[in-house]
Structures are given as structure tokens and as C-alpha cells.
Amino acid sequence: MTEFAMIIGGEHVRAASEFEVTNPSTGELVGKAPNASAADLDRAVAAAAKAYEGWSRQSDADRAKACSDIAQKIGEHAEELAQLLTQEQGKPLNGLGSRFELGGAQAWAAHTASLSLPVKTLQDNEQGRVELHRKSMGVVGSITPWNWPVMIAVWHILPAVRTGNTVVIKPSPFTPLSTIRLVELMNEVLPAGVVNVVTSDDRLSSIGSVMSAHPDIRKIVFTGSINTGKKVMASAADTVKRLTLELGGNDAGIVLPDVDPAAIAEGLFWGAFINNGQTCAAMKRLYVHESVYDDVCSALTDYARNIPVGDGQDETSILGPIANQMQFDKVKRLVDAGKQRGRVLLGGEPGKGLFFPPTLIADLGADDPLVFEEQFGPALPIIKYSDLEDAIAQANDSPNGLGGSVWSKDIAKAKAIASRLECGSVWINKHGAIQPNAPFGGVKSSGCGVEFGEEGLAEYTDIQVVFN
Ligand code: NAD
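Everything numeric in this text was worked out from a predicted model, so none of it was measured. (Residues numbered from 1 in each chain as written. Predicted model: local features only at pLDDT ≥ 70, side-chain atom pairs only at ≥ 80, totals over all residues. Heavy atoms only, no water.)

**Remarks on the pattern of salt bridges**
Next up, step 1: Summed over the entire model, instances satisfying the criterion amount to 23 salt bridges.
Next up, step 2: Across the pair D60 and R162 runs a salt bridge whose closest N-O atoms are separated by 3.0 Å. Residue D60 is found in helix α2 (residues 60-76), and its partner R162 is found in helix α5 (residues 149-162); the two are separated by 102 residues along the sequence.
Next up, step 3: Using a relative accessible area of 39% as the deciding quantity, one classes D60 as partly exposed.
Next up, step 4: Measuring nitrogen to oxygen at the nearest pair gives 3.0 Å for the salt bridge that ties R129 to D124.
Next up, step 5: Assessed through its relative accessible area of 55%, D124 is described here as exposed.
Next up, step 6: Residues joined by salt bridges that share partners form a network here, namely K332, D336, K339 and E349. (Salt bridge = Lys/Arg side-chain N within 4 Å of Asp/Glu carboxyl O. Helix = DSSP H or I, 4+ residues; strand = E, 2+ residues; numbered from the N terminus. Buried < 20%, exposed > 50% of the residue type's maximum accessible area, 1.4 Å probe, protein only.)

**Let's talk about the packing of helix α9 (residues 261-273) against helix α10 (residues 293-304)**
Next up, step 1: Across the interface, α9 lies against α10 with an axial gap of 8 Å and an inter-helix angle of 60°. Judged by the angle between their axes, α9 and α10 are oblique. Crossing hand, α9 versus α10: right-handed. On the side of α9, the interface is formed by P261, A262, A265, E266, L268, F269 and W270, while α10 contributes D295, V296, A299, L300, Y303 and A304.
Next up, step 2: The class makeup of the residues in the contact of α9 with α10 is 11 nonpolar, no polar and 2 charged. (Axes fitted to C-alpha atoms, helices over the stretch in contact; angles between N-to-C directions. Parallel < 35°, antiparallel > 145°, perpendicular 65-115°, else oblique. Left-handed = near helix turned anticlockwise from the far one by under 90°. Contact = heavy atoms within 4.5 Å. Nonpolar A, V, L, I, M, F, W, Y, C, P; charged D, E, K, R; others polar.)

**With respect to the site of the ligand**
Next up, step 1: As a structural note, the neighbourhood of the ligand is formed by 30 residues, with T144, D202, S225, L247 and E374 the closest of them.
Next up, step 2: At a separation of 2.6 Å, an oxygen atom of the ligand approaches a polar side-chain atom of D202.
Next up, step 3: Backbone polar atom of S209 to a nitrogen atom of the ligand: 3.3 Å apart, as the coordinates give it.
Next up, step 4: Against a free-state accessible area of 850 Å², the protein chains account for coverage of 91% of the ligand.
Next up, step 5: Of all elements in the fold, only α7 (207-213), β11 (219-223) and α8 (226-236) reach the threshold of two or more residues within the shell around the ligand.
Next up, step 6: Here the shell around the ligand takes 3 residues from α8, the largest share from any one element.
Next up, step 7: Counted by class, the shell around the ligand contains 13 nonpolar, 12 polar and 5 charged residues. (Near = heavy atom within 4 Å. Polar contact = N/O pair within 3.5 Å; in protein donor to acceptor, adjacent residues only side chain to side chain. Areas by Shrake-Rupley, 256 points an atom, 1.4 Å probe, with all protein chains shown as cover.)

**Re the pairing of strand β16 (residues 359-362)**
Next up, step 1: Every second residue of β16 is oriented toward a common face, with T359 and I361 on one face and L360 and A362 on the other, all of them buried.
Next up, step 2: Summarising the sheet, strand β15 (residues 343-346) and β16 pair through 3 bridges and their orientation is antiparallel. Bridge pairing in β16 links V344 to I361.
Next up, step 3: As defined by bridge partners, β16 adjoins strand β17 (residues 379-385) across 3 bridges and the pair is classed as parallel. Counted as the bridge partner of L360 is L380 from β17. (Pairing = 2+ DSSP bridges.)

**Details of the sheet that holds strand β1 (residues 2-3)**
Next up, step 1: As summarised here, the arrangement of the 3 strands in space is β1-β5-β4, forming an open sheet in which the pairing is mixed. In the strand order of this sheet, the two ends are held by β1 and β4 (17-22), each with one partner.
Next up, step 2: Relative to strand β5 (residues 29-35), β1 runs parallel, the two sharing 2 bridges. By the bridge assignment, T2 is partnered in β5 with G31.
Next up, step 3: Against the sheet, helix α6 (residues 177-186) touches β4 and β5, its axis set at about 70° to β5.

**As for helix α11 (residues 325-341)**
Next up, step 1: Taking 1.5 Å as the rise per residue, α11 with 17 residues should run 24 Å; its terminal C-alpha atoms sit 25 Å apart, in good agreement.
Next up, step 2: Along α11, the positions that sit buried rather than exposed are Q327, F328, V331, L334, V335 and G338. Considered in projection along α11, the buried side chains sweep an arc of 140° and stay on one side of the axis.
Next up, step 3: Packed against the buried residues of α11 are β16, α12 (369-372) and β17. (Expected span 1.5 Å × (residues − 1). Arc of directions from axis to C-beta.)

It is worth stressing that arrangement in space is one thing and function is another; only the former is reported here.
Below is the structure:
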């Protein structure tokens, strides 16, 4: 067990108190993280503001090189980071687990290094020249969740520093350790103060809320629940902060009558159960046409029953435990409610500790909590439909609008239906696939702004138009 320190201005900083981080697979202590005070946060923001003076004036090429060096560092330390991530988050090393997450983090860092936002000439004629410049903002505050902590930290930090900003990141109290180590590695590449990390246990104080109100933070990039996102929005109002909010989802998948159930079972399963369902853009409601309903239910159950669930550090595990007690309790409550009205096809009963087997519950409807609430766990409700218009209406009848999917052999028809879904990303015959060159974000209550690609990079800049 190691004691971890915050990194502020390039230095390791301890706090007056610490909190414990435990392994969801075993309950064992993984490490202790510092409990930052508001004064610690002020110190981190001041260090970032000081570093901004130099970093914002570095050449674009130097910043691109630093981002590419970070990508390389992540690659060199991928196994060490994956082991730490598995211990504090629970996700297995294998499958779509920690090693997969580290591969993603490296790929996103490398791609962000390659992006740029050149000056755009809007007009150049006898009336004059008009140029659109993209300028860095200052100190960016990053607040991250516990589900994909390393990858999301990279999604927040890399575009910020690539465009000349400096960062204070606050990871989730459930998974602070891999972020501390990641920032430590970034500090081997970057000048002191460009990226700082503070940690705190939300049960004692909410450093996150102090960040979103902080007068010297210009922008907050937040990934987390809708409820907390609303609080961030409210406390950011006083200082008119720029915001990127990536919030919760309750993604629907719609299966059309022409599918081959056996052929889509694997895609449906991983669309819903990636990271044990603890993924913002996982499929959380499945609508299946009555003509293939029974066959899809059987094919999905047959696929799901063979997935090995176990301790994340066991090389044979493909899914691990639920990541924390709070989330476990939520999943159990929603599954218990689903069991009262639905038909359990698989799972449904918790295992030891925080383990919960992949659970499929059929015959549910719009007024079941497992359907209308975001479960964010290994349980999928299956809803039978007879009228496609009704399925589309039910899919859209949600305050969320992160992702959606349509499953069919007829791609043109599937795309026409996809265009009617109210969500920021939509997939045909798959669900949840994201990539660094494609902007990602939610509509409605799932957030504002996008990440990834040039559009995501631009969110870390202010526009300045130069007329001459
Ligand atoms: P959460 O909202 O509980 O916590 C997210 C972060 O906010 C944590 O770091 C937490 O400490 C911090 N926080 C808590 N109170 C705060 C406050 N008052 N002000 C500012 N920050 C505060 O979310 P979670 O449980 O960690 O993550 C799960 C949620 O995140 C799910 O709803 C999921 O859908 C969503 N999510 C969305 C995306 C996306 O890209 N849209 C990605 C991953 C997760």
C-alpha cells in the first residue's frame, strides 16, 4: 500500500488528512489519497495560473510535441497504470478492461497531439482582411468520474494543454490513484504547474463545487452525473465560466424485425455490458420487435451466460465487480424493482461483495424504473414492441440524449430511423463505439459541448476575430 500525494506546481503535496481507496474486488486497501482543503485548491489554481504565463506562449509545435511525449509515456507505463486502475476501479485487466482503457488513453493522447486549430481567413479583399484566431483561455478545471478515470482524464487534459491552457484536475474519490500517477508521469514531460492534481473525499467536503465557483478557473470540463452537472452549471454562473458537460445517458437500442438474432447477440451484449454497464454511452434500454423478440432474448442470454466474471486482477476475468457500494445499491434497487414486473432471463441476484452477474430482464415497459432511470450497471431491460413508431417515441421519451442504436440488415432504413433519435451519437448494428476523430457529446440533459476531434479541441479556446 502506498500513500499518494497531490501534485501542485510540479511538487508532491500532502494534505492535513487522507482518505482510503479500496479494491472493489476484495475490499482491501489499495492506497490513501490526500483530502485537499480549499487552500490546497487555491494553491493548485495559483500554480496553474503562474505556469499559464509561459505555457500559453510556447509554440504550437512545442505543445504538440509535449502531447505526443505524453502519449509515449502512457504507452511506456501502460501496464503499471492498468494494474493500479484495476485495483481501485475493479475492472479486469483483460477484456474491455484496464489494458483496453490504457490503449485508448494512449491513442487519444496521440491523436490530440496531431490536431491543430490554424487561423481561419474569413475575408481577404479590398474591404479588408478578417481572421479568426483561437486563443487559449487560462486555467481549466477538470472534474472526472470513476468509470473510465484514466481515459477521461486524458480526454480532459490533453486538448486543454494542446491549446495552451493549464489544468487542475480533481478525480473521483473512488478512483483518484491512477489519475495521480498519470499526472505524475505528465509532469515528467511538462513544465511545472501545467497540470496539477488535487484529490478529496466528497463525504467531507466538495472541492468540486469550490472549483466550479473558483474565480481564477476560466473553464470547467466535467464528466459525471446529470445531478452534479446541474450543480456545476449553477455554481459556474457567477463567473460566467465556459463549460463542457458530459453527463449521464439512458441510451436506447432498437432492434428491427429483419435481424439475425444470433449474429447480433455479441454486439448487443457488449453495447450494454462494456465496463459492467458503467459507461455513459452504454445501451441501457433494448427495444425488440415482437417477431424476433423471443429469439433475440435467447441469443443474448446464451451469449451472456458464458462471460467470466471475477476479481479484476485474475487474468481470466472478462467482467469484474461493480465499482463501489453506492453504485451497487442503485443497481440492486433497480433490478429488484424490475424483478417484480419483468421476467428474469439471466442473473438478478447479487454475488459476493460488490459482484453482480450480468442481468437480463425481459417484458418491462416505460414505467419501470430500470427502463426510465440510468442504471449504470450490469442489468439490461428488454422491452417488446409491435409498432416501430411507438418504439421511436419511447426511445426519445427521456430527458437524456447521449447515444442510441438501430439494429437491422437494411442499413438505409436503419439510418433513416437513426436520424429521428434525439441523441448526440447514433450507431447502426453496434453501440457505444467512440473514436478520437469523431466529436462526442450529448443533447438534452446529457450535457453541453462536445469532446474529441477539432470541434472538441476548439472548446478549450476563445475566439478572437482580428480585423485589418
Ligand atoms: P458524479 O456526478 O457523482 O461525480 C463526478 C465527479 O463530480 C466526481 O469527481 C465527484 O467527486 C465530483 N463532484 C461531486 N459533487 C460535486 C459538486 N457539487 N460539484 C462539482 N463536482 C462534484 O458521477 P459519477 O458517479 O462519478 O459518474 C457516473 C455518472 O457519470 C453517470 O451518470 C454517467 O452516465 C456519467 N458519465 C458521463 C460520461 C459522458 O461522457 N457523457 C462519461 C462517463 C460518465
